[in-house]
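# Descriptive analysis of the structure
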Amino acid sequence: MLSARGRRPAAVVVEPVARFMLRLGLSPNTITVVSASLTIALSVILIPTGHLFAAAVLTGVFAAFDMIDGTMARMRGGGTRYGATLDATCDRITDGALFGAITWWLIYTHHAAPPIVVAALIVLVGSQVISYVKARGEASGLRIVGGLIERPERLIIGLVGIGLTGLGVPGAVETALCVLAAGSLFTIVQRLRFAARSAGASETTAPPAGARSYRR
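Residues numbered from 1 in each chain as written. Predicted model: local features only at pLDDT ≥ 70, side-chain atom pairs only at ≥ 80, totals over all residues. Heavy atoms only, no water.

As annotated in an unreviewed UniProt entry, the chain carries the name Phosphatidylinositol phosphate synthase and is attributed to Corynebacterium pygosceleis.

Shown next as structure tokens:
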């Protein structure tokens, strides 16, 4: 939901930073890789060791660079297909690292109840499936726009949950994960419905290479 609506208000901060990065001679792809690497490192180091509030703040800061690389690309006249692929790949890895680290902390440090661990695993897998449905659908020419829980919502809810837990608020991360688990499952179904209702959804596809065709 926030992916489109949040860009215009954020532009007040993002655009000056993007211009500064370009003046330094940095490329959008460099920002993509550096921000993803720092986000991953912070997640897998700080969260399993119990530094939850620091992890929430610092991870949130570097995850926000996800908007800066795209803005830099547009300021340079437009992004490239490789840049978009690199950005999407880094997003999937950082999401996996973040929620994988949270799951590790839940099991080995927090000793969470099994249902909460299950919720965390649903979020971990669901975050990948939500993005895959959109990518695979659009690769087939289908229109899939929006959804209840997209990446911004996932990061905000997840980071707020661990941040509040780090400040001593009981049940914060458990609540966040349950909300995200339910929302993720809903969003997967929601996006599949978008795909099913998209123009061209019923068109037949060519068989994969090597497969036998049964058309007459």
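### Focus: the environment of Asp87
The condition is simple: Secondary structure elements follow DSSP: runs of H or I of four or more residues count as helices, runs of E of two or more count as strands, with numbering from the N terminus. Should any heavy atoms of two residues lie within 4.5 Å, those residues are considered in contact.
Mapped onto the fold, Asp87 is located in helix α6 (residues 81–108). In sequence terms Asp87 and Val61 are 26 residues apart; their C-alpha atoms lie 17 Å from each other. Filtering out sequence-adjacent residues up to four positions away, Asp87 remains in contact with Thr32, Asp66 and Asp69.

### Observations regarding a nonpolar patch on the surface
In plain terms, the rule: Patch definition: residues above 30% relative accessible area lacking any salt bridge, with like charges linked at up to 9 Å and the nonpolar side chains Val, Leu, Ile, Met, Phe, Trp and Tyr linked at up to 5 Å. Under the convention used here, a 1.4 Å probe and the Shrake-Rupley method define accessible areas, while residue burial counts only the protein chains that appear. A pair is scored as a salt bridge if a Lys or Arg side-chain nitrogen falls within 4 Å of a carboxyl oxygen belonging to Asp or Glu. Note on exposure labels: buried denotes an accessible area under 20% of the residue type's maximum, exposed denotes more than 50%, and partly exposed covers the range between, all computed with a 1.4 Å probe on protein chains only.
Where nonpolar side chains cluster on the molecular surface, the patch consists of Phe53, Val57, Leu58, Val61, Ile156, Val160, Leu164, Leu167 and Val169 and spans about 730 Å² of accessible area. Taken together, the elements giving at least two residues each to the nonpolar patch come down to α4 (52–63) and α8 (151–166). For the nonpolar patch, the leading source of residues is α4, giving four residues. Among the residues examined, Leu58 registers a relative accessible area of 36% and is labelled partly exposed.

### Let's talk about the packing of aromatic side chains
What counts is decided by this rule: Classification of ring pairs uses Phe, Tyr and Trp, with its six-membered ring standing for Trp, and accepts pairs whose centres are within 6.5 Å; under 30 degrees between planes counts as stacked, over 60 as edge-to-face, and the remaining range as tilted.
Summed over the entire model, instances satisfying the criterion amount to one aromatic pair. Measuring from centroid to centroid gives 4.6 Å for Trp104 and Tyr108, while their planes differ by 45°, and the two rings are tilted. One end of the pair, Trp104, and the other, Tyr108, are both in helix α6, four residues apart, so they sit about a helical turn from each other. A residue is classified by how much of its surface remains accessible, and Tyr108, at 52% relative accessible area, is exposed.

### A look at the nonpolar core
As a reminder, the rule being used: Residues grouped as a nonpolar core are buried Ala, Val, Leu, Ile, Met, Phe, Trp, Tyr and Cys residues, joined through side-chain atoms within 4.5 Å.
Judged by nonpolar contacts, the single largest core of 27 residues is most densely connected at Ile47, Ile102, Leu106, Ile162 and Leu177. Broken down by secondary-structure element, the contributors of at least two residues to this core are α3 (28–46), α4, α6, α7 (114–139), α8 and α9 (172–197). Tallying contributions element by element places α6 first for this core, with six residues. In contact with Ile47, other than residues within four places in its own chain, are Leu42, Leu52, Ala55, Leu98, Ala101, Ile102, Trp105 and Ile162.

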